[in-house]
Each structure stands twice: as structure tokens, then as C-alpha cells.
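Letter by letter, the chains look like this.
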Amino acid sequence: MSIAIVDGYSTGAALAARLHHLGAPCSHIQSQPDNHDFLRRTFDPGHYIRDHGFIPDAAHLGDLLRREGTTRIVAGAESGVTLAETLSHALGLPTNTPELRAARRDKNLMAAAVTTAGLATPRAYLATDAAAAARWFTASGLPEAVVKPLDSAGSDGVRFCRTPADVSDATDSVLNSRSIFGHQNTAALVQERLIGTEFYINTVSLDGRHKVAETWRYTKQARPGGGPIYDYEEPVPASTAEARVLRQFTFAVLDALGIHNSAAHTEVMLTRHGPVLIETGARLGGATAPAVVERHCGMSQTTLAAAALAIPSNFDAFDDRELTWSGSLRNVEFINHHTGRADRRAMTRVAALPSAVKVCPAVEHGELLQPTTDLLSTPGFLYLAADSTEQVNRDYALLRQWERQGLHTGDTMVPAGSTRP
């Protein structure tokens, strides 16, 4: 067994660490010559037996991996999805359906594939011209739209719009910028803004068998003069009616997108008409601390993904319909509002809260940064956990109270219509 991880950054770094702990040898591949610094900072070479770096010739890279006896190739981050699947297909290794590869990255093609399968998606328009985008919004009669790049992650380039002028300006901004992966945006997606409760469902698929590792409910708050922002998220027990609906809908989405052998992060809006897909990424979800999630929820997506790769019998034995959690768990985002940083005073104060089980690595563009990151110079997030919801509520209320002193909770723009890696 030898596992190659393409772009082992963000939560992919946690996957590499877990596989290393299991004794599964891993090699690393870089999908492009350069990556953003916020990705590079997460990389830990100690979890790999070799780091191939960037090899531009895919055929040569494939031959190299074949000679090394590579048995699985997986994406560690969104940027590695296409290369991981392309190499897997070329080497005849387990992967997702090749014919739907583009639909797993291009949000417009994704919506088309899911709609064809009879599942709900937002009304949308593919815009290559700002004026045309504004005209579509006017004709649609929608009260509000979300404009975003076709191929990116997190809240990169995403804006809420209420007027044709807003849509035009947002579309123009996308078309004249690059994604967080360094690619020039050639189109923007103008989508209906969905109304309801938003969830994300982290799954792992092995040979077409899907299992839910984590289901979380978002809670957002209004940003003055702007759209909603992340406030906090909480796990949803598998036994609830909403979790059962989301599980069935998400599995149908995975089938529609040909996701059979990978982790996936799916965002769904539960509206009064039923579940509607926001989008899916064929990779691990971001911004989580696997050890905390496992301690309080029994399973994390990182652990389940590692099992699917290294110990398939553990994957088979896991019953995702019994997923629950102990006590109260909440993941709260925060940042120093005045300095734009989680400074020393704020970090010390937050870590001392009675229910603070982990002051986590920073988040940039929705990506998880490793504990080696300087938490005093970047935004972060905090897990609150206690036996009682009351304790978590008290500590959360203190965070809100500290806003006026400079500590601002929930400063990452994330609309209903943007995948958070």
C-alpha cells in the first residue's frame, strides 16, 4: 500500500498525519508550481516518505507513481482534485467517474448534472459579461442574488447583490480577478440567493458506498451594510429528521456527480420546499479539528477518509445512522476586529473560557492552517464544548461582549451559495 496525496494542505495535512499514524506510507505531489502562502504554511513534510513537488509532465508523473507501487491517489485540498482524479484514472486506480470530472469543479456544470438527476439547485446564470448579468437579474425577478467565480473555494470573490448595478459590479470584479488558486476567472455564476437553514455534510465514499461522517448546521449573523457572515456551527445528530433528509439528498447528489471514491464536502440549504444543493467539493471539508470532532461526535471525516484508504474494514463497520455527540459542541469564528488579527490579548482571553476545548489554527479563505501557524497574526476559530448548552451559551455571550473591545466573532464572509473548504 502506498498513497499519494495531491496538495496535502489544509485538512489534507490532517489526513496525512492520520495516515502516518496508521503506518500507511504517503508521498506528496504539488499540483502547480506555486501555491498561496496560506496553503504552504499547512504542509508538514514529516508525514511523507517522499515529496515529489511539482512535476509538470503528467505522463512522467504517472509513470513515476506506477513504478513506486502507488495504490491510491487522493486530493488533500480543492486545488488537487483534478490532478488526483486524472492520475488515478490513468493508472487504473479507484477514483470518481472521469466523464463528470469537470462538473465536480465547475459550479455551472455541477448544477446542470444535479438538476438532470431530478434534484433541486438554485436558479442561475453563467455570465461572461457584466451588463448581461445585470439584465438577467432584472428579468429574473429575484430580490437578491449571489455572484461568485465558477472554480474557487471558500468565500473567494463572492458577493450578495440586491440591484442590477450590484450584480454588474460584482460580475465585473470576478471577471477581472484570479481565483485563490491563481487561475484567471473567465466567467461568473449569478445565483438565486436561497432562504432557509444551511448545512454542510462531510462524507466519504468507497466503491460507491457513501457514509456521512459529520453533519453541521450553520448559524449566521448580519454584517452591517453587507450579507450574512459565519457566526458558528453545531453538529446535527443522525437521528433527527433533518439529518435523515440531508443524508438521502446528499447521497443522491454524490451519485449525480459521479463521486464514488473520495471524501466530499456538500453544502445544502433546507428550504420550506425541501433541500436545495448549494455546491459540492470532491475532497475533505475545511476548517475542522478532527480530534475535537471525534471526541465529541464519535467520528470525523478525516478519520473515516483515512480508514477508507488504509483500513477499509473500519469504513465498512462504521454505521453513520447512529452518529451523535456528547454534551454541547459549537465552532465559533473570531478575529480581532480592530487589528484584523487574533492578537495575544484576544487569544489568551479566549483560551481561558471554561468551555474552550481548542483555540484552533487560523482560517484564511475557509482553509484550515496547521498548529505551527502563528495564531497571533491570523484569524482563527474556537471550539466550545461542555456538558450543558448553558455553559456554551454563556461563553459564547462573552465572546460577543468582547466585540466592542476588539474581538470580533464571525468575520468570514460566507454566503448561501459558497462552498467552504
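Before any of the text, the structure's been laid out above.
In what follows, the accompanying structure is described.

Definitions and limits used
- Throughout, residues of each chain are indexed from 1 in the direction in which the sequence is written.
- Two thresholds apply to this predicted model, a pLDDT of at least 70 for residue-level local features and 80 or more for giving and counting side-chain atom pairs, whereas whole-chain, interface and lining totals are computed over all residues.
- As a rule here, side-chain values cover all heavy atoms of the structure and leave hydrogens and water aside.
- The criterion is simple. A nonpolar core is a set of buried Ala, Val, Leu, Ile, Met, Phe, Trp, Tyr and Cys residues joined through side-chain atoms within 4.5 Å.
- Exposure is judged per residue with a 1.4 Å probe applied to protein chains only, and the accessible area is read against the type maximum: over 50% gives exposed, under 20% gives buried, and values in between give partly exposed.
- Helix and strand definitions here come from DSSP, where helices need a minimum of 4 consecutive H or I residues and strands a minimum of 2 consecutive E residues; each element is numbered from the N-terminal end.
- Any pair of residues with heavy atoms lying within 4.5 Å of one another is described as a contacting pair.
- Strands pair, by our definition, only if DSSP identifies at least two bridges between them.
- Convention adopted: a line fitted to C-alpha atoms gives each axis, helices being fitted over their contacting stretch, and angles between N-to-C directions are expressed from 0 to 180 degrees.

## Concerning the nonpolar core
Here's step 1: Ranked by internal contacts, the top residues of the largest apolar core, which has 38 residues, are Ile29, Leu65, Ile73 and Leu257.
Here's step 2: With seven residues, helix α8 (residues 241-256) is the single largest residue contributor to this core.
Here's step 3: With sequence-adjacent residues up to four places away left out, Leu257 is seen in contact with Leu100, Ala103, Arg104, Met110, Ala113, Val114 and Thr280.

## Things to note about the sheet that holds strand β6 (residues 145-149)
Here's step 1: The four strands lie next to each other as β5-β8-β6-β7, forming an open sheet whose pairing is antiparallel. Both outer strands of the open sheet, β5 (124-127) and β7 (159-161), are each paired with one neighbouring strand and no more. Taken over all neighbouring pairs, the strand axes of this sheet differ in orientation by 25 degrees on average, direction set aside.
Here's step 2: The pairing of β6 with β7 spans three bridges and is antiparallel. Of the residues in β7, the one forming a bridge with Ala145 is Cys161.

## Focus on the sheet that holds strand β2 (residues 26-30)
Here's step 1: Read from one edge to the other, the open sheet built from four strands follows the order β3-β2-β1-β4, with strand pairing classed as parallel. Only two strands of the sheet have a single partner each, and these edge strands are β3 (50-54) and β4 (72-75). The mean inter-strand angle of the sheet, taken between neighbouring strand axes irrespective of direction, is 20 degrees.
Here's step 2: Looking at chain direction, strand β1 (residues 3-6) and β2 are connected through four bridges and run parallel. By the bridge assignment for β2, Val6 is matched with Ile29.

Honestly, that's just the spatial picture; any functional story needs more than this.
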